[in-house]
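# Tertiary structure, described
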Amino acid sequence: MVNDRETQDAPAQVFLKYRIAKSEKLGRYMIAEKDLVAGEVILRESPVSVGPTAFFEGSLCFNCHKPIVQPELKRYNCTKCKVAPLCQPACELVPGYHKNAECSLFRSNQLYSSKISDHSTVLLPLRLWLLRQTETELWKHIDLMEDHVKERRGTHIWSIREQTVVQVLHKLRLVPDDSETSELMQRICGILDVNSFELRSSGESELEGHLLRGLYTKAALMAHNCRSNTHLTVDERDELAIYASVDIKKGATIYFNYTGFLLGSAKRRENLREGKYFECECTLCRDPFELKSNLSSLVCPRCRQGYVGIQNPLTSNPYGLKTKWQCERCKSLLSGKMIKTTLNLTRSLIENTENFDTKALESLLTKLLLTVHTNHYLALDLKEKLLVNYRKEMSAINPRKKILERILNLHREGLAVLDIIEPGISRQKGIRLYEMHLATALIAKKNYAAREISPLELSLQLKEAQDLLRKALSNLLLEPTGTPEGRLAKLALQQMKLLRENMTDANALATPGQKPKTQTMKH
Ligand SMILES: [Zn+2]
Ligand SMILES: [Zn+2]
Ligand SMILES: [Zn+2]
Ligand SMILES: [Zn+2]
């Protein structure tokens, strides 16, 4: 994600855990300077700047980025510029993102700039523009980053940024209205679109997630791979940490997955082509059946037994009339166009299912699986919706065993896919394993309460739950404490203690003559 043009003569930079290498194809990229073990931190980095994403709607505090929920009349602005909306008076005293340069700029033309709170998406580009003037050393690093202006000029994204960023900044009289500045603003937009990382604003609510993006000059040097070997976390202060998610050998490339992870190759490659301006040729993208994950595989309409995958996975036109897809079993050929029609039909089935109950979703899934592989991204989508419903039932007072078993199964299937596409430490795996442990422990207790199993069997089933919890923890322990996953890790540690007590009780019950210490395991 880095511009190679101006770095030809720069001396090689060597850091303790990684070094920056250069190649024609990847530009500057990061390689391991030593053998790294899974879970080892590779680098920590504070952001150059942070601001709302280009899709942001709503109000947020310009200093700490918390969403502003107060009604219009009760809102509070920075006392110095009287423009920047803040979450509360106290926030003005805390060092944050509403820096002096920004505050003075707003203050210098309050009349026009006061409208900026309705256009928060211009905030981050404006911050980089200001930074170019105030922090010239830092700007040098940003200046090296890839902007893809050449590819972007004249495209849809170019005109969108022209309307929603460049022209808005002119209208608010925050930047000079000349062609040189317009060009620079487009470059800044390019740098941000290509290099920034999505962040979640702090706060308890899940709804507050993914509204922000931050620019990190070192982390952006990671090359892309749809199966990355790193795990990335961002804490409440927006400090980013990159960990090895698997063991990485000295000299190996350090990768990050810059696109969604539960998408099929066609969609991943399209996202990367349109957002990051390159054609991914990673091992996952190169395999018609995506390393047996079958994320994009369809049931063969001819033999109904085999699965259909694309013949040339690296084509940029997977759904073209002349693009061939083939059944691995009967070798029938199908056109990409026909695959597209099938996918559109299938997708239309799972849209608008918000009001579906669990039974309706289950029968829809059965129907879906006549057309797509059980790991197909559309099937995974539907299974995720099912899990949302089942989770509600799991938190009920006395969840039914059948439901708990179904949750376990859905997670097992999901985990098998994740093991292929997200090898090593993974947040998603951690969350699934945590829920699997819960379901397993609940089933064990239900079985015992119904006198279906002996105390010894109970103890063994609880041990199974404990193993799952231990695995969950190993995937969640790197999560910063302020994030939802960090809180889940804390909960998992408490559960571990509880489970240990339960097991001691079960063991006592299994041993004649001993009495359980607590009352939880009584019939
Ligand atoms: Zn605030
Ligand atoms: Zn201010
Ligand atoms: Zn790929
Ligand atoms: Zn077939």
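These numbers were taken from a predicted model, which means no experiment stands behind them. (Residues numbered from 1 in each chain as written. Chains lettered and ligands numbered in written order. Predicted model: local features only at pLDDT ≥ 70, side-chain atom pairs only at ≥ 80, totals over all residues. Heavy atoms only, no water.)

### Some thoughts on the coordination of the zinc ion (ligand 4)
Distances from the zinc ion (ligand 4) to its protein donors, namely Cys 300 (SG), Cys 303 (SG), Cys 327 (SG) and Cys 330 (SG), fall within the range 2.3 Å. In the primary structure, the donors to the zinc ion (ligand 4) are separated according to the pattern C-x2-C-x23-C-x2-C. Taken together, the residues Cys 303 in the loop between β13 (298–299) and β14 (307–310) and Cys 327 in strand β15 (residues 324–327) connect sequence positions 24 residues apart. Using a relative accessible area of 19% as the deciding quantity, one classes Cys 303 as buried. (Donors = N, O, S within 2.8 Å, 3.2 Å for Na, K, Ca; no water. Helix = DSSP H or I, 4+ residues; strand = E, 2+ residues; numbered from the N terminus. Buried < 20%, exposed > 50% of the residue type's maximum accessible area, 1.4 Å probe, protein only.)

### Describing the packing of aromatic side chains
One pass over the structure, following the stated rule, counts 6 aromatic pairs. When the ring of Phe 197 is compared with that of Phe 256, the centres are 5.6 Å apart and the planes differ by 55°; the resulting orientation is tilted. Placement of Phe 197 in strand β7 (residues 197–199) and of Phe 256 in strand β12 (residues 255–256) is noted, with a sequence separation of 59 residues between them. According to the relative accessible area criterion, Phe 197 is buried, its value standing at 5%. Seen from their ring centres, Tyr 319 and Trp 325 are 6.1 Å apart, and the 10° between their planes marks the pair as stacked. Aromatic rings pair up to connect Phe 197, Tyr 216, Phe 256 and Tyr 258 into one cluster. (Phe/Tyr/Trp six-rings, centres within 6.5 Å; stacked < 30°, edge-to-face > 60°.)

### Focus: the packing of helix α13 (residues 401–421) against helix α14 (residues 427–449)
Packing of α13 against α14 brings their axes to within 9 Å, and their N-to-C directions diverge by 150°. On the basis of their axis angle, the class for α13 and α14 is roughly antiparallel. Crossing hand, α13 versus α14: left-handed. Where α13 approaches α14, its residues Lys 401, Leu 404, Glu 405, Leu 408, Leu 410, His 411, Arg 412, Gly 414, Leu 415, Leu 418 and Asp 419 are matched on the opposing element by Gln 428, Lys 429, Arg 432, Leu 433, Glu 435, Met 436, Ala 439, Thr 440, Leu 442, Ile 443, Lys 446 and Asn 447. Looking at the contact of α13 with α14 residue by residue, the classes come out as 10 nonpolar, 5 polar and 8 charged. (Axes fitted to C-alpha atoms, helices over the stretch in contact; angles between N-to-C directions. Parallel < 35°, antiparallel > 145°, perpendicular 65-115°, else oblique. Left-handed = near helix turned anticlockwise from the far one by under 90°. Contact = heavy atoms within 4.5 Å. Nonpolar A, V, L, I, M, F, W, Y, C, P; charged D, E, K, R; others polar.)

### Topic: the domain arrangement of the protein
In terms of domains, the protein is made up of domain 1 (5–45 + 216–256), domain 2 (56–204), domain 3 (265–344) and domain 4 (349–510). On a C-alpha basis, the centroid separation for the pair domain 2 and domain 4 is 42 Å. (Domains from an automatic or database assignment.)

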